[in-house]
Amino acid sequence: MHKFGTVALIGPPNAGKSTLMNQYIGQKVAIVSPRPQTTRNRISGIYTDDESQIVFLDTPGIHQLRGKMNRFLLESAWNALASADAVVVLIDAALYAAKPHLLDKEIKPLVKPVKETGRPVLVAVNKVDRVKDKPTMLPVMAKLGELWPEAEFIPISALRGQGTDELKAKILDIIPEGPPMFPEDQISTAPVRFMASEIIREKLFYSLRQELPYTTAVEIEVWDEESRPDMILVNAVIYTAQKNHKGMIIGKQGANLKKVGSEARKEISELLDSKVHLELWVKVRSGWTEDPGFLRAMGLGE
Ligand code: GDP
Ligand code: MG
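Residues numbered from 1 in each chain as written. Chains lettered and ligands numbered in written order. Predicted model: local features only at pLDDT ≥ 70, side-chain atom pairs only at ≥ 80, totals over all residues. Heavy atoms only, no water.

A.B. asks: For this particular structure, what's the right way to read the pairing of strand β6 (residues 152–155)?
C.D. replies: Two faces, one strand: in a regular strand the side chains alternate between the faces of the sheet. Two elements, strand β5 (residues 121–126) and β6, share four bridges in a ladder whose sense is parallel. Its bridge partner being in β6, Leu122 is matched across the sheet by Glu152. Handedness of the crossover joining β5 and β6 through helix α8 (residues 137–147) is recorded here as right-handed. (Pairing = 2+ DSSP bridges. Helix = DSSP H or I, 4+ residues; strand = E, 2+ residues; numbered from the N terminus. Right-handed = clockwise from strand over helix to strand, strands pointing away.)

The following block contains the structure:
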């Protein structure tokens, strides 16, 4: 019996969501960790073993978005939650053991909206390795039980991998049977690459402001994290359907492409938390918007 499901990871910034993803998925996904102010509202990390595949949706925006950013982003973040099979709320046990009053401020606002999604809730009480004085956890657990009576609580250390097998077992109890949706090898890096190509497309869009970007596609040709210990090397090809568009994308003496490249590199570097060397190429591929094979390769087709 193979299991497949999606799990939304939520919780205040710094609670350990990215660390938990790393723990389950591996080092490569560590770099998926977004910064708090990122406009990307969800990142997925995909765990695969012989019996199961779990797609973790990191929804970093939910806290910051509250009252700050626009409604669309907030809504789509909550939509991500609503479409998940389970919700895992990460909380920093060490923080609340020291400052239990913060539970009201940081956790209470999550309870009602999560309840309204109707998803089963697991609360991962994280960073237990940092709680030296264990009895300080008692009022925290009591308060959590009061705030979130329908949740199940699992003490973990995402960093040390303590309790994470138990948490995974609870997740597997919840998620449905189903075949894996993603090939194993695509999983760990594809989301990051996809986001990188989206960032490039976005910068192109802003640099040109015409219909042109709709007939462009971006393909990451090289993604090299091995050659240089201090930076990630990325080569991307911008495909355009029309010959005369190539010049516009490149711009006078390459000015536009340079601008797109430098803006995209900066943002990709923030996303990956690493230095990035980005090279962009422009290629004409006429009729690509009608070419099913090419569209599929670009992740744009069915
Ligand atoms: P996120 O903002 O929720 O994604 O949190 P991160 O995963 O980026 O973690 C924030 C900080 O908490 C990092 O410095 C982690 O190393 C640390 N951290 C996360 N989980 C644990 C844990 O179980 N134990 C300890 N001691 N530190 C942790
Ligand atoms: Mg994070």
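Next comes the rest of the account.
A.B. asks: Got a minute to help me understand unusual backbone geometry in this structure?
C.D. replies: Keep in mind that most residues, glycine aside, have a negative phi and that most peptide bonds are trans. Positive phi, normally seen in glycine, also occurs at Lys127, with a value near 65 degrees. Take Lys127: it is sitting in the loop between β5 and α8. Judged by relative accessible area, Lys127 falls into the buried class, the value being 15%. Here the phi dihedral of Gln253 falls at roughly 50 degrees; this positive angle occurs in a residue that is not glycine. With respect to the helices, strands and loops of the structure, Gln253 is situated in the loop between α12 (243–250) and α13 (255–272). Relative accessible area serves as the criterion here: at 81%, Gln253 is assigned to the exposed category. (Buried < 20%, exposed > 50% of the residue type's maximum accessible area, 1.4 Å probe, protein only.)

A.B. asks: Help me understand the sheet that holds strand β9 (residues 275–284), please; the structure alone is not making it clear to me.
C.D. replies: Pairing is mixed across the open sheet formed by three strands, whose spatial order is β7-β8-β9. Two strands bound the open sheet, and with one partner strand each, they are β7 (216–224) and β9. Put simply, the sheet's adjacent strands are angled 20 degrees from each other on average, direction ignored. Where β7 meets strand β8 (residues 231–240), eight bridges bridge the pair, whose relative direction is antiparallel. The residue of β8 that forms the bridge with Ala217 is Tyr239. In this fold α12 packs onto β7, β8 and β9, with an angle of close to 150 degrees to the strand it touches most, β9. Sheet strands in contact with α13 are β7, β8 and β9, and its direction is about 140 degrees off that of β9. (Axes fitted to C-alpha atoms, helices over the stretch in contact; angles between N-to-C directions. Contact = heavy atoms within 4.5 Å.)

A.B. asks: When you look at the site of ligand 1 in this model, what are you seeing that I'm missing?
C.D. replies: Taken together, 15 residues are adjacent to ligand 1, and Asn14, Lys17, Ser18, Thr19 and Asp129 come closest. Contact distances for ligand 1 include 2.8 Å between an oxygen atom and a backbone N or O atom of Lys17. Contact between ligand 1 and Asn126: an oxygen atom at 3.0 Å from a side-chain N or O atom of the residue. With three residues, the single largest contributor to the shell around ligand 1 is helix α1 (residues 17–25). When the residues that make up the shell around ligand 1 are grouped by side-chain class, the tally is five nonpolar, six polar and four charged. (Near = heavy atom within 4 Å. Polar contact = N/O pair within 3.5 Å; in protein donor to acceptor, adjacent residues only side chain to side chain. Nonpolar A, V, L, I, M, F, W, Y, C, P; charged D, E, K, R; others polar.)

A.B. asks: Please clarify how the packing of α12 against α13 should be interpreted in this entry.
C.D. replies: When two helices pack together, their arrangement is given by the angle between the helix axes and by the axis-to-axis distance. Contact pair α12 / α13: the axes reach a minimum separation of 5 Å and the direction vectors enclose 65 degrees. Mapping the contact onto sequence places Met248, Ile249 and Ile250 in α12 and Ala255, Asn256 and Leu257 in α13. In terms of residue class, the contact of α12 with α13 is made up of five nonpolar, one polar and no charged.

A.B. asks: I'm lost on the packing of aromatic side chains in this one. Help?
C.D. replies: Note on aromatic pairs: each is described by the distance of the centres and the angle between the planes. Counted according to the given criterion, the structure contains two aromatic pairs. Ring centres 6.3 Å apart and planes at 65 degrees place the aromatic pair Tyr24 and Tyr47 in the edge-to-face group. In this pair, Tyr24 sits in helix α1 while Tyr47 sits in strand β2 (residues 43–48), placing the two residues 23 residues apart along the sequence. The exposure class of Tyr24 is buried, given its relative accessible area of 9%. A relative accessible area of 11% means that Tyr47 is categorised as buried. Look at Tyr24 and Phe56: their rings are 5.3 Å apart centre to centre, the planes differ by 5 degrees, and that puts the pair in the stacked class. Of this pair, Tyr24 sits in helix α1 while Phe56 sits in strand β3 (residues 52–58), and the two are 32 residues apart along the sequence. (Phe/Tyr/Trp six-rings, centres within 6.5 Å; stacked < 30°, edge-to-face > 60°.)

A.B. asks: What is the right way to read the pairing of strand β1 (residues 3–10) from this model?
C.D. replies: Among the eight residues in β1, eight count as buried, and that is most of the element. Inspection of the sheet shows β1 paired to β3 by seven bridges, in the parallel sense. Bridging from a neighbouring strand, Lys3 pairs with Ser52 of β3.

A.B. asks: I would appreciate a short explanation of the nonpolar core in the present structure.
C.D. replies: Inside soluble globular proteins, nonpolar side chains tend to come together where they are buried. In terms of nonpolar packing, the biggest core is built from 28 residues, with Val89, Ile91, Ile107, Val123 and Trp148 touching the most fellow members. Of all elements in the fold, only β1, β4 (86–92), α5 (93–98), α6 (102–106), α7 (108–117), β5 and α8 reach the threshold of two or more residues within this core. Once residues lying within four places of it in the same chain are set aside, the contact partners of Trp148 are Val89, Ile107, Leu110, Val111, Val114, Val121, Val123 and Phe153. One finds Val192, Ile200, Leu208 and Ile220 within the second-largest nonpolar core, a separate group that totals 25 residues. (Core = buried A, V, L, I, M, F, W, Y, C linked by side-chain atoms within 4.5 Å.)

A.B. asks: Mind showing me how you'd approach the confidence of the model for the protein chain here?
C.D. replies: Detailed reading of predicted coordinates is not advised where the pLDDT is low. When pLDDT is averaged along the protein chain, the result is 80; 77% of the residues meet or exceed 70. Within the model, pLDDT remains below 50 along residues 27–42, and this stretch shows 47 contacts once partners closer than five positions in the same chain are excluded. Confidence drops under a pLDDT of 50 for residues 61–73, and excluding neighbours within four residues, the segment shows 23 contacts in the predicted structure. (pLDDT = per-residue confidence, 0-100.)

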